[in-house]
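Geometric and topological summary
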Amino acid sequence: MSDEDTTEYYMLICDDPSHEVVLIDCGPRAMDVIRAVRKVTGLSLWHSRELVRRAPSTLVDGLSAYGAQSVVAVLRSVGARAEWRQEPQPGMPSQQGDAPAR
């Protein structure tokens, strides 16, 4: 291989790992929370209602930190309890301290 035929490979490092938004509790204003879930997820009214009823549940994942914080702010503005978490990396122990499968 000559100097002209060299190929360079770069490893991309993501500084901002993906995050997920978890609905903890819908609070007293369930219908407002259902509408907010529908707005941020793009799901139907029926699917949004099911997600709210099954709280705690993960609503969206694969977001940047800013996007996750924005979704949590929308949910909290209508009275829901929600939080954003960093998604566990593949092959890494989860935040609850589980060891990876051997």
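The notes below deal with the structure included here. If you're wondering where the values come from, they're calculated on a predicted model, not measured in any experiment.

**Some details on the pattern of salt bridges**
A full pass over the atoms with the stated rule returns 6 salt bridges. As a salt-bridge pair, D32 and R29 come within 3.0 Å of each other at their nearest N and O atoms. With relative accessibility at 26%, the residue D32 sits in the partly exposed group. Overlapping salt bridges, with partners in common, bring together R49, E50, R53 and R54 in one network.

**Examining the sheet that holds strand β1 (residues 19-25)**
The strand order across the open sheet built from 3 strands is β2-β1-β3, with neighbouring strands paired in antiparallel fashion. Looking at which strands have only one partner, the edges of the open sheet turn out to be β2 (57-63) and β3 (81-86). Neighbour-to-neighbour, the strand axes of this sheet turn through a mean angle of 20°, independent of strand direction. Here β1 runs beside β2; their pairing, made up of 5 bridges, is antiparallel. Within the sheet, the bridge partner assigned to V21 lies in β2 and is V60. Of the strands in this sheet, β1, β2 and β3 touch helix α3 (residues 65-77), which is tilted by about 170° from β3.

**Regarding the environment of A73**
Turning to its location among the elements, A73 is positioned in helix α3. Taking the relative accessible area as the measure of exposure, A73 reaches 45% and is therefore partly exposed. Sequence separation between A73 and E83 is 10 residues; the distance between their C-alpha atoms is 9.2 Å.

**Describing the packing of helix α1 (residues 30-41) against helix α2 (residues 45-53)**
Axis separation between α1 and α2 bottoms out at 9 Å; the angle between their running directions is 115°. Remark: the crossing between α1 and α2 carries right-handed chirality. Contacts from M31, V33, I34, V37, R38 and T41 of α1 reach α2 at L45, S48, R49, L51 and V52.

**What to know about the packing of α1 against α3**
A pair of packed helices is characterised by two quantities: the angle between their axes and the separation of those axes. Contact pair α1 / α3: the axes reach a minimum separation of 9 Å and the direction vectors enclose 160°. When the interaxial angle is binned, α1 and α3 end up roughly antiparallel. Relative to α3, α1 is oriented so that their crossing is right-handed. Each of A36, V37 and V40 in α1 lies in contact with α3, whose residues at this interface are V71, V74 and L75. Taken together, the residues that form the contact of α1 with α3 break down as 6 nonpolar, no polar and no charged.

Parameters at a glance
Residues numbered from 1 in each chain as written. Predicted model: local features only at pLDDT ≥ 70, side-chain atom pairs only at ≥ 80, totals over all residues. Heavy atoms only, no water. Salt bridge = Lys/Arg side-chain N within 4 Å of Asp/Glu carboxyl O. Buried < 20%, exposed > 50% of the residue type's maximum accessible area, 1.4 Å probe, protein only. Pairing = 2+ DSSP bridges. Helix = DSSP H or I, 4+ residues; strand = E, 2+ residues; numbered from the N terminus. Axes fitted to C-alpha atoms, helices over the stretch in contact; angles between N-to-C directions. Contact = heavy atoms within 4.5 Å. Left-handed = near helix turned anticlockwise from the far one by under 90°. Parallel < 35°, antiparallel > 145°, perpendicular 65-115°, else oblique. Nonpolar A, V, L, I, M, F, W, Y, C, P; charged D, E, K, R; others polar.

So, to be careful, I would describe these as geometric facts and stop short of saying anything about function.
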